[in-house]
Amino acid sequence: GFKDYEGGKTFSSLLKVLSFPAVWSIFASHFAFNFSVYFQNSWTPVYYSSVHELGAEEAGLHFVLPHIAYLFMSFFVCRPLVSYLSGPARLGELSLRRVFTVIGFLGSSLAFAVLGFGTNVPNDKASHVYSSTACFTIAMAFSALHPSGFKSNYMDVSLHHSGTLSGVGNTVATAASYIGPLLVDRLLKSYGWASVFASVIAVNLAASIFYGLASTCVALDDPKNKYFKSV
């Protein structure tokens, strides 16, 4: 069976850590992140083809801009912003995690809401395609906030099992790559693009609420805190 290893880190303590809602709020956020980003990476060619009648060669720039925005946000906005907000008398660690996670989901959701509304509004074709690209770019840019949010939270919630929790969280989040395409295909065929964007928004909002209410930066298996007695 499972035995103690490295000073008392046991399989039973891992199971106990996994029982806390705070851990599952990280997993849910990771799932929502993958659901949103995988949707954007996989379905934007279909969107530009069906809505804007642009093939992959014509829409190349429109596919690249969101990822450029993600890189820009990661290196030139998030890093200095985290350094600033982590300073004395500013945000605590938990507040920082929650702010980056919740704003990341809300910003992306707002961009997808505009996209969902725009697919049903007649507009000049040229301006419509660039407004769509702007929304996709904004959605991906806000996704760059998450590495400083829930993704960093994996290291906070356990002294002994952070790597394992990260592996479990990645496994849970990978389910989005299976569920997402099936759901999007069904919604698209039955109700159109507005329903597809609504599904992404719903997942993002649910994750942001769960994370905002349940998350913690306490190491749940640390003997110095109140949770340890039950781990």
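This is a predicted model, so every value here is computed, not measured. (Residues numbered from 1 in each chain as written. Predicted model: local features only at pLDDT ≥ 70, side-chain atom pairs only at ≥ 80, totals over all residues. Heavy atoms only, no water.)

Caption draft 1: Spatial organisation of the overall build of the protein chain. A tally of helices and strands in the protein chain yields eight helices and zero strands. The buried share of the protein chain, reckoned over its 231 residues, is 45%. Taking as baseline every contact in the protein chain between residues at least 6 positions apart, the subset at least 24 positions apart corresponds to 82%. Just so you have it, the protein chain exposes about 11,700 Å², and 66% of that area is on carbon and sulfur atoms. (Helix = DSSP H or I, 4+ residues; strand = E, 2+ residues; numbered from the N terminus. Buried < 20%, exposed > 50% of the residue type's maximum accessible area, 1.4 Å probe, protein only. Contact = heavy atoms within 4.5 Å. Areas by Shrake-Rupley, 256 points an atom, 1.4 Å probe, with all protein chains shown as cover.)

Caption draft 2: Spotlight on helix 7 (residues 162–190). With 29 residues, helix 7 extends 42 Å from end C-alpha to end C-alpha; this agrees with the ideal 42 Å at 1.5 Å per step. Where helix 7 bends most, the angle comes to about 35 degrees, and this point is Ile179, followed within four residues by the proline Pro181. Within helix 7 the residues assigned to the buried category are Ser162, Leu165, Gly169, Ala173, Ala176, Gly180, Val184 and Leu187. Turning to helix 7, the residues buried within the fold contact helix 1 (11–18), helix 2 (21–51) and helix 8 (193–214). A positive backbone phi angle near 100 degrees is found at Gly192, which sits one or two residues after helix 7. (Expected span 1.5 Å × (residues − 1). Bend = angle between axes of the 7 residues up to and from the residue.)

Caption draft 3: Molecular detail of the side chain of Ser132. For Ser132, the location among the structural elements is in helix 5 (residues 125–143). Its relative accessible area of 2% is what places Ser132 among the buried residues. Polar side-chain contacts of Ser132 include one of 2.9 Å to the side chain of His52. Discounting chain neighbours no more than four positions away, the residues touching Ser132 are Tyr47, Tyr48, His52 and Leu115. (Polar contact = N/O pair within 3.5 Å; in protein donor to acceptor, adjacent residues only side chain to side chain.)

Interpretation note: all reported values are geometric properties and have no functional meaning in isolation.
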